[in-house]
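Take a look at the letters that make up each chain.
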Amino acid sequence: MQFLSFSFALFVVISTLLYYCVFSPPRFRTVENRILLQQILILLGSFSFYSFAGLRFLPFLLYVIAISYFAGIFCKNRLLLILFLVLDVAPLFVFKYSPQIFHKHWIFPLGLSFITFQSISYIADCYTKKISAERNPFMVALFISFFPTISSGPIQRPQSLIPQLKTVHNFDYDSATDGLKLFVWGMFKKLCIADKIALYVNFVYGNACEQNSFALLLATILYSFQIYCDFSGYSDMAIGVARYFGFDVGKNFDHPYLSQSVGEFWRRWHISLSSWLRDYVYIPLGGSRVAMPRIYLNILITFFISGIWHGSGWNFIVWGLLHGFYLCAERFSKPVSEKIKIPAVIKIVLTFCLLSFAWIFFRATNFQEARLIVGKIIHIQPEIGKFLELINSVGIAESIRLSFSLTDITLGTLEDKAIFMFLFLGFISVSLITRNKSGLEIVRKKSFAIRWILYCILFLSILLFSNFSKNTDFLYFAF
């Protein structure tokens, strides 16, 4: 079930009536009964939400729940831990890395990678005694299938989510309205920014052989914003839905493109995944408690796993290892870089350039296409001469339009481009304003009139400048 669909809107309305109105009034039921009824409703809602993508996916979900439940109870030694983890990740390797056996588009389960990682965290935390194994399979099912995060995260930890599932949730106006605000802001980032950029990026990358260096360079820069607005937009919606129903599932993005290093970027980007890799891969390998060469190896292994988690192609492996090399280089050069006072703005720009370069391998269809794009961008100098010649013949405006492939097909008419630039600059402004303080806190302190002016601008932007019938799938649904 897509967040951006009429069926999901109907799902939320029905769930609200049942969750807060029918099963909530304290005068009718004890606290224990209300908790049980809310748990039943969440589980039924989660299975309904998941089944909407296809009933054929349910066996996979039930399989992971069963493995997690039995592993939590019986995983008492390292051999059993390895056995249960192999059983847990087996579907991930079968479905994701064997497309020649199983047609990927037909049987690829929704949320495959995220569900598997969430299950691994439960098994590992039970084994290390960070949590007590749940004897009630009902509770494990609730944790694994929690509907706001089941599709694309944020990846949940059992010690955070399970206690929330065991408490009663009464309607709270502030939580509900904050959740709606986050959801709408996520819609704006997805529909008004990411989907508009996608038109251009898909056109340029889809015809990479025919594009010149300028167009590929611009598409690469814009893709950095597309994937951020797309995935953080989804995360805002998922977090918003969870908060609406009284749950705190954490923050998944924190202004990553304002990072002054790649290391800082990974503390701000896809926080639930980066912290998962740190806790369940990097630290068990020895983390930073070992000799320096081993630290470098641990970093590279961790990001190699991050790469293959996103995809089986060589381009994803290169993307992961590039980030690993970036972090190794930062650690190696740290004694020298700390002595050099580089302005923060320059650090941010340099970091963004490194990240955008790595995104080429993430966005490209395969490694060969990524090499082609990198080669064209590196050899941009001859294109500069052609660009100057083109200015002399057709003028600067037409030269820019042709060189950067800014046609009506990619970004629409001149009016469409102007509207997009206005919305994009608005998004950048909001990002800068909220870099040190929660946007919800800032809005909450505004007067009633100012708040509703902002809400109306946001709603009108989504209604007038989005195309719901042609909006693209969330990028991370592929992972």
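For the structure, check the block above.
Residues numbered from 1 in each chain as written. Predicted model: local features only at pLDDT ≥ 70, side-chain atom pairs only at ≥ 80, totals over all residues. Heavy atoms only, no water.

A.B. asks: Can you break down the overall build of the protein residue by residue, with the values?
C.D. replies: The number of helices and strands found in the protein is 22 helices and 0 strands. Its C-alpha atoms give the protein a radius of gyration of 24 Å, near enough to 23 Å, the size a compact globule of 479 residues would have. Taken along its principal axes, the extent of the C-alpha atoms in the protein is 80 × 60 × 50 Å. Across the 479 residues that make up the protein, the buried fraction comes to 51%. Sequence-distant contacts, at least 24 apart, represent 74% of the contacts inside the protein between residues at least 6 apart. Surface summary for the protein: the accessible area is close to 23,200 Å², and the carbon and sulfur share equals 69%. Averaging the locations of the 42 positively and 26 negatively charged side chains of the protein gives two centres separated by 8 Å. (Helix = DSSP H or I, 4+ residues; strand = E, 2+ residues; numbered from the N terminus. Rg over C-alpha atoms; globule rule 2.2 N^0.38 Å. Buried < 20%, exposed > 50% of the residue type's maximum accessible area, 1.4 Å probe, protein only. Contact = heavy atoms within 4.5 Å. Areas by Shrake-Rupley, 256 points an atom, 1.4 Å probe, with all protein chains shown as cover. Lys, Arg positive; Asp, Glu negative; His and termini not counted. Charge placed at Lys NZ, Arg CZ, Asp CG, Glu CD.)

A.B. asks: So, the side chain of Asn212: which residues are in play, and what are the values?
C.D. replies: For Asn212, the location among the structural elements is in the loop between helix H9 (173-206) and helix H10 (213-244). Since its relative accessible area comes to 19%, Asn212 is described here as buried. A distance of 3.0 Å separates the side chain of Asn212 from the backbone nitrogen of Ala215, its partner in a polar contact. Not counting the four nearest positions on each side in its chain, Asn212 is found in contact with Glu383, Leu402 and Ser403. (Polar contact = N/O pair within 3.5 Å; in protein donor to acceptor, adjacent residues only side chain to side chain.)

A.B. asks: Report on unusual backbone geometry, specifying residues and quantitative values.
C.D. replies: Backbone torsion omega between Gly153 and Pro154 reads 5 degrees, so that peptide bond is classified as cis. For Pro154, the location among the structural elements is in the loop between helix H7 (137-145) and helix H8 (158-165). Positive phi outside glycine occurs at His270, with the angle close to 40 degrees. The residue Ser405 is not glycine, and still its phi comes out positive at about 55 degrees. Checked against the element boundaries, Ser405 lands in the loop between helix H18 (396-403) and helix H19 (408-411).

A.B. asks: Go over the nonpolar core, please, and point to the residues and values.
C.D. replies: Burial of nonpolar side chains together is a common tendency in soluble globular proteins. The biggest cluster of nonpolar side chains holds 131 residues, and the ones touching the most others in it are Tyr257, Trp269 and Trp359. Per-element tally for this core: the top contributor is H10, with 17 residues. Non-local contacts of Trp359, meaning those with residues more than four positions away in its chain, are made with Tyr223, Ser224, Ile227, Tyr257, Phe265, Trp269 and Trp319. Cys75, Leu81, Phe84 and Ile123 belong to the second-largest nonpolar core, a separate cluster that totals 6 residues. (Core = buried A, V, L, I, M, F, W, Y, C linked by side-chain atoms within 4.5 Å.)

A.B. asks: Give me the lowdown on helix H16 (residues 367-378), citing residues and values where you can.
C.D. replies: Its 12 residues place the ends of H16 16 Å apart at the C-alpha level, agreeing with the 16 Å of an ideal helix rising 1.5 Å per residue. Along H16, the residues classified as buried are Glu369, Ala370, Ile373, Val374, Lys376 and Ile377. The arc that holds every buried residue of H16, seen down its axis, measures 165 degrees, which confines them to one face. Opposite the buried face of H16, at more than 90 degrees from it, the exposed residues are Gln368, Arg371 and Ile378. As for H16, its buried residues are in contact with H9, H10 and helix H15 (344-363). Near the N-terminus of H16, the side chain that reaches the backbone nitrogen of Gln368, with its oxygen 3.2 Å away, is that of Asn366. (Expected span 1.5 Å × (residues − 1). Arc of directions from axis to C-beta.)

A.B. asks: An account of the environment of Ser213 is requested, with residue identities and associated values reported.
C.D. replies: Mapped onto the elements of the fold, Ser213 is located in helix H10. With a relative accessible area of 2%, Ser213 lands in the buried category. On a C-alpha basis, the gap between Ser213 and Leu191 in space is 28 Å, while along the polypeptide they are 22 residues apart. The residues touching Ser213, leaving out its near neighbours within four places in the chain, are Lys376, Ile377, His379, Ile380 and Glu383.

A.B. asks: Describe the packing of helix H6 (residues 112-127) against helix H12 (residues 271-282), and please don't skip the residues or the numbers.
C.D. replies: Two quantities define a packed helix pair, namely the angle between the axes and the distance from one axis to the other. At their nearest, the axes of H6 and H12 sit 12 Å apart, and the two run at 35 degrees to each other. Between H6 and H12 the crossing geometry is left-handed. When H6 is examined against H12, the residues Phe117, Ile120, Ser121, Ala124 and Asp125 are found in contact with a partner set consisting of Leu273, Trp276 and Tyr280. (Axes fitted to C-alpha atoms, helices over the stretch in contact; angles between N-to-C directions. Left-handed = near helix turned anticlockwise from the far one by under 90°.)

A.B. asks: Help me get a handle on the packing of helix H2 (residues 31-51) against helix H3 (residues 58-74), residues and values and all.
C.D. replies: Taken N-terminus to C-terminus, the directions of H2 and H3 make an angle of 135 degrees; their axes are 10 Å apart at the nearest point. If you check the angle between H2 and H3, you find them oblique. Contact residues: Phe47, Tyr50 and Ser51 in H2; Leu58, Phe60, Leu61, Leu62 and Ile65 in H3. (Parallel < 35°, antiparallel > 145°, perpendicular 65-115°, else oblique.)

So far we have only geometry, and geometry alone does not tell us how the molecule works.
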